[in-house]
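The lines below spell out each chain.
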Amino acid sequence: MKLRSLLSNLGLFLVSLVLIVSCSNPASQMSTQSDSTPAPSGSAASIRLGFSAWPGWFPWQVAQDEKIFEKNKIAVDLKWFDGYTESLSTLTAGQIDANSQTLNDTISAVAGGADQVVVLVNDNSTGNDKIIVREGINSIADLKGKKVAAEEGTVDHFLLLLGLKKAGLGPKDINFQPLETGKAAAAFVAGQVDAVGVFAPFTTQALKRPNSKELFSSKDFPGAIPDHLVFTRQFVNTKPDQVQALVDSWFETQAYIKANPAKAIEIMAKRGGVSVAEYKEYANGTKIFTVEDNLKAFQPGKDMGSLTFAAQEMTNFLNEAGLVTTKPDLSKLFDDRFVKAYAAKAKKA
């Protein structure tokens, strides 16, 4: 959710077939690459959609290459960001209409005055966000007094604090080192810190440190790191038909991937700049959400499987960490009508 700040100087991108959350900070510039679907005949529909290197978001490239957007009569200006945080600031600035981003980052943006709407759950991180430690650290309790690096305010920082809380520890029990994700991984490999919180593909980089190992991951905290399709409210209010067409395209893309796994993996691996074999290594760390998963997630609940509950927990985290000074109004953050409409249509088909 943010949460995943992907640095442009790291060439390794990761992804997965089962695919699926997570980073944040203001940004600088967008990649010059923009893959635009030509406007369908007789249609003026156009959506500027941002995405970056995270397993749950690579299906957008499949939708583009296999002309699923065209099938749904929308022109999508699909904008690739080398740096995840750049996509966040670009959406906040209104330079794109929608973005693939984490719940944590969306809440941060709303707290800062942005008016954004979550219309779809792409995925949940189920292991691709990890706390990795050096040799000699064998339990969360062993982190006490140690130097631990993570990008402040990101999902991996959130994951770190969840682990500490579970072990009866708090932020003051560690020597926290706030570093961008790529720099945090590099500092860990260089032996400058004892532990690090990172998301894939930086997990692969961090584990290059001899005798390092995973202490815990997002797999141990189901629902803690969800990733979403987020629109500006203005776009949702003025062009709901286009929002619906994009949501429909997402679910149709999942059906395509299921029916054509080899072709889909090839497309996603190419977009990520990795081999098909490397791509498959991340398959279990991301869970793509089905229509049914989406419908359930949008319902009120008392655990992290519920978006409203998760949003409140993340808001408390951001507030306690001093990353937001005023708790945002979350009452209009989630809009499930587009998922419901697709589900109703699919039921009739």
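Structure: see above.
Keep in mind it's a predicted model, so treat the numbers as computed, not measured. (Residues numbered from 1 in each chain as written. Predicted model: local features only at pLDDT ≥ 70, side-chain atom pairs only at ≥ 80, totals over all residues. Heavy atoms only, no water.)

Draft legend 1. Expanded view of unusual backbone geometry. Positive phi outside glycine occurs at Lys67, with the angle close to 60°. Despite not being glycine, Lys73 shows a phi value in the positive range, around 60°. Inspection of the secondary structure assignment puts Lys73 in the loop between helix 2 (68-71) and strand 3 (75-81). (Helix = DSSP H or I, 4+ residues; strand = E, 2+ residues; numbered from the N terminus.)

Draft legend 2. Here's a closer look at the pattern of salt bridges. One pass over the full model with this rule turns up 12 salt bridges. Lys130 is the salt-bridge partner of Glu214, the closest N and O atoms lying 2.8 Å from each other. Pair noted here: Glu214 is in strand 10 (residues 213-217) and Lys130 is in strand 6 (residues 129-133), with a separation of 84 residues, a long-range link. Overall, the relative accessible area of 38% leaves Glu214 in the partly exposed class. Of the residues examined, Lys130 reaches a relative accessible area of 16% and is grouped as buried. Here Arg337 and Asp335 are joined by a salt bridge, their closest N and O atoms 2.8 Å apart. Note on Arg337: relative accessible area 39%, which makes it partly exposed. Looking at Asp335, the relative accessible area reads 15%, which means it is buried. (Salt bridge = Lys/Arg side-chain N within 4 Å of Asp/Glu carboxyl O. Buried < 20%, exposed > 50% of the residue type's maximum accessible area, 1.4 Å probe, protein only.)

Draft legend 3. Local environment of helix 6 (residues 181-189). Listed in full, the buried residues belonging to helix 6 are Thr181, Gly182, Ala184, Ala185, Ala187 and Phe188. Taken together, the buried residues of helix 6 touch strand 6, strand 7 (147-150), strand 9 (195-199) and helix 7 (202-206). At the C-terminal side of helix 6, Gly191 shows a positive phi close to 80°. (Contact = heavy atoms within 4.5 Å.)

Draft legend 4. Seen up close, the nonpolar core. The biggest cluster of nonpolar side chains holds 102 residues, and the ones touching the most others in it are Leu49, Trp60, Val119, Leu143, Leu229, Phe231 and Leu246. The element best represented in this core is helix 9 (residues 240-259), accounting for eight residues. Once residues lying within four places of it in the same chain are set aside, the contact partners of Leu229 are Leu49, Trp60, Ala98, Asn99, Val117, Val118, Val119, Leu120, Asn122, Leu246 and Val247. (Core = buried A, V, L, I, M, F, W, Y, C linked by side-chain atoms within 4.5 Å.)

Draft legend 5. Representation of the packing of helix 9 against helix 14 (residues 337-348). Viewed as axis vectors pointing N to C, helix 9 and helix 14 meet at an angle of 60°, and their least axial separation amounts to 9 Å. With respect to helix 14, the axis of helix 9 lies oblique. By crossing handedness, the relation of helix 9 to helix 14 is classed as right-handed. Of helix 14, the residues touching helix 9 (which contributes Pro240, Val243, Gln244, Val247, Asp248, Phe251 and Glu252) are Arg337, Phe338, Val339, Ala341, Tyr342 and Lys345. Looking at side-chain class alone, the contact of helix 9 with helix 14 contains eight nonpolar, one polar and four charged residues. (Axes fitted to C-alpha atoms, helices over the stretch in contact; angles between N-to-C directions. Parallel < 35°, antiparallel > 145°, perpendicular 65-115°, else oblique. Left-handed = near helix turned anticlockwise from the far one by under 90°. Nonpolar A, V, L, I, M, F, W, Y, C, P; charged D, E, K, R; others polar.)

Draft legend 6. Structural detail: the environment of Ile267. Within the element layout of this structure, Ile267 appears in helix 10 (residues 261-272). Judged by relative accessible area, which is 7%, Ile267 ranks as buried. Note: C-alpha distance between Ile267 and Val62 (205 residues apart in sequence) is 6.3 Å. Setting aside residues up to four positions removed in sequence, Ile267 forms contacts with Gln61, Val62, Asp65 and Glu66.

Draft legend 7. Here's a closer look at the pairing of strand 9. Strand 9 sits mainly inside the fold: five of its five residues count as buried. Two strands pair when backbone bridges link them, and strand 7 and strand 9 are joined in this way by two bridges, in the parallel orientation. Bridged to Val148 within strand 9 is Ala195. (Pairing = 2+ DSSP bridges.)

Draft legend 8. Molecular detail of the pairing of strand 3. When you tally the buried positions in strand 3, you get seven out of seven residues, the bulk of the element. Every second residue of strand 3 is oriented toward a common face, with Ala75, Asp77, Lys79 and Phe81 on one face and Val76, Leu78 and Trp80 on the other, all of them buried. Bridge analysis of strand 2 (residues 46-52) against strand 3 gives seven bridges, and the strand direction is parallel. Each residue of the ladder has a partner; that of Ser52, found in strand 3, is Phe81.

Draft legend 9. Spotlight on the sheet that holds strand 8 (residues 175-178). With mixed pairing, the five strands of this open sheet are ordered in space as 8-7-9-6-10. Edge positions in the open sheet fall to strand 8 and strand 10, since each of these has one partner strand only. Averaged over all pairs of adjacent strands, the angle between strand axes in this sheet comes to 25°, irrespective of strand direction. One ladder, built from four bridges, connects strand 7 with strand 8; its direction is parallel.

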